[in-house]
Amino acid sequence: MPGTDPAEASAVIAGELVDLPHLPELPGRGPGAGMIGRTGALLADLSSDLSLETSASGWRLSGGPSSIMRQASAWLAEDIDRGAEILSGSSGWYKVQLAGPWSFAAGVETRRGNLLLSDAGLVDELACGLAEAASGHVDRIRDRMPGRQIVLQIDEPTLPFALEGSLPTASGFGRYPSVDESCAVAALRRITALDVPVIVHCCGRFPFQLARDAGFAGVSFDMAMESERADGIAETFESGQVVMLGAVPVLGSQEVSVDRAWEGVSEVWRRTGLSSADLARVSFSPSCGLASLSMPAARHALGVCGQLRQRAADIGS
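Residues numbered from 1 in each chain as written. Predicted model: local features only at pLDDT ≥ 70, side-chain atom pairs only at ≥ 80, totals over all residues. Heavy atoms only, no water.

A. The overall build of the protein, seen in detail. Scanning the protein for helices and strands turns up 11 helices and 9 strands. A globule of 317 residues ought to have a C-alpha radius of gyration of about 20 Å, and the protein, at 19 Å, matches this closely. Projected onto the principal axes, the alpha-carbon positions of the protein cover approximately 55 × 40 × 40 Å. By residue count, 53% of the 317 residues in the protein fall in the buried class. For the protein, long-range pairs separated by at least 24 residues make up 67% of all intrachain contacts whose partners lie at least 6 apart in sequence. For the protein, the exposed surface amounts to about 13,600 Å²; the carbon and sulfur share of it is 49%. Separation between the mean location of the 25 positive side-chain charges and that of the 38 negative ones in the protein comes to 1 Å. (Helix = DSSP H or I, 4+ residues; strand = E, 2+ residues; numbered from the N terminus. Rg over C-alpha atoms; globule rule 2.2 N^0.38 Å. Buried < 20%, exposed > 50% of the residue type's maximum accessible area, 1.4 Å probe, protein only. Contact = heavy atoms within 4.5 Å. Areas by Shrake-Rupley, 256 points an atom, 1.4 Å probe, with all protein chains shown as cover. Lys, Arg positive; Asp, Glu negative; His and termini not counted. Charge placed at Lys NZ, Arg CZ, Asp CG, Glu CD.)

B. Spotlight on the sheet that holds strand β5 (residues 148-155). Strand order in this open sheet of 6 strands is β3-β5-β6-β7-β8-β9, and the pairing throughout is parallel. Of all the strands in the sheet, just β3 (92-99) and β9 (283-286) have a single pairing partner and so form its edges. If you compare each strand with its neighbour and ignore which way they point, the axes differ by 25° on average. (Pairing = 2+ DSSP bridges. Axes fitted to C-alpha atoms, helices over the stretch in contact; angles between N-to-C directions.)

C. The side chain of H22, seen in detail. Among the structural elements, H22 can be located in the loop between α1 (6-16) and α2 (35-46). Of the residues examined, H22 reaches a relative accessible area of 14% and is grouped as buried. Sequence-distant contacts of H22, defined by excluding residues within four places in its chain, comprise I13, L17, Y94, K95 and Q97.

D. Structural context of the pairing of β3. Among the 8 residues in β3, 6 count as buried, and that is most of the element. Two strands pair when backbone bridges link them, and β3 and β5 are joined in this way by 8 bridges, in the parallel orientation. The partner of Q97 across the bridge, within β5, is Q153.

E. Quick look at the nonpolar core. Of all hydrophobic cores here, the largest spans 102 residues; its most connected members are M1, L117 and L152. Setting aside its immediate chain neighbours within four residues, L152 contacts V96, L98, A134, I191, L194, V196, P197, V198 and I199. (Core = buried A, V, L, I, M, F, W, Y, C linked by side-chain atoms within 4.5 Å.)

F. Quick peek at the state of the cysteines. Overall, the coordinates contain 0 disulfides when judged by the stated rule. In this structure C288 is a free cysteine whose sulfur lies 3.4 Å from that of C203, the closest cysteine sulfur available. (Disulfide = S-S within 2.5 Å.)

G. The arrangement of the pattern of salt bridges in detail. Under the defined criterion, the tally for this structure stands at 17 salt bridges. Of the charged contacts in the structure, one is a salt bridge between R229 and E226, with a shortest N-O distance of 2.6 Å. Classification of E226 as buried rests on a relative accessible area of 1%. One salt-bridge network, held together by shared partners, links R29, R38, E78 and D79. (Salt bridge = Lys/Arg side-chain N within 4 Å of Asp/Glu carboxyl O.)

H. Examining the packing of α2 against helix α3 (residues 67-86) more closely. Running from amino to carboxyl end, α2 crosses α3 at an angle of 105°, the nearest separation of the two axes being 8 Å. The angle between α2 and α3 places the two elements in the roughly perpendicular class. Two secondary-structure elements touch here, α2 through G37, R38, G40, A41, L42, A44 and D45 and α3 through M69, A72, S73, L76 and D79. The residue inventory of the contact of α2 with α3, partitioned by class, reads 6 nonpolar, 3 polar and 3 charged. (Parallel < 35°, antiparallel > 145°, perpendicular 65-115°, else oblique. Nonpolar A, V, L, I, M, F, W, Y, C, P; charged D, E, K, R; others polar.)

Below, the structure is given as structure tokens:
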């Protein structure tokens, strides 16, 4: 979400996404407030060996406690507090997000300058730690929001590039070897084994089969990027996974109307060969994060998602 005020962000989310509000991330506050920093803070609480610090190229292991991880933990606690206050006494689903093991490993360097991704054994250990950290995170939010059922979203924007071997080395002249799909599945299964529904979000070319093999309860992706892969969407839907269509573009300066967004949804759904009534079982979201938008534009994008959901429900009734 845009801005730096967690109370405002949570209020907008709760107002526009009645069916599935979520814990906001506010990367505009600085390093530690975004996906990698927040996940790193939870891992650092387990072991200082997993603590992070910033570097010229982004993030790296710090080798011990760091002030930026303490700040990240404080921001996370504030975000949870504000969300719990706004949703106090309510019931229903609530979504929380963390970086997945492969995107985290592709976004953090060792002290020697190599991505964690370069060590498959280290990524597996990281996945174990992430599963433990996620479990504690979910329990903490359950305690603060006793009326809410929690959905865990794992953000894996870099996973497609890791699978195809297109991530550059530090020099820029080489590429990290492609990740074996069986290794990717094994690491992700450590997280999907938690006692909470786990969905995976990816805004690159979505690995539909891998997501099924890894046991995710649902998938979230940029609909426009997958519009030519309607068969993958259909197979995912028919497998029983929840489909969360990223149907509202967030790039560009022009806000998308609900009518325009619905046209896109209808065309993609027509290509799947599934019935219009099946859309009642689909969720809708922005195509990716909203941090680059103004708050009014973010509110509009979330509002369009809610209106798409209502249209789909009306067709299915």
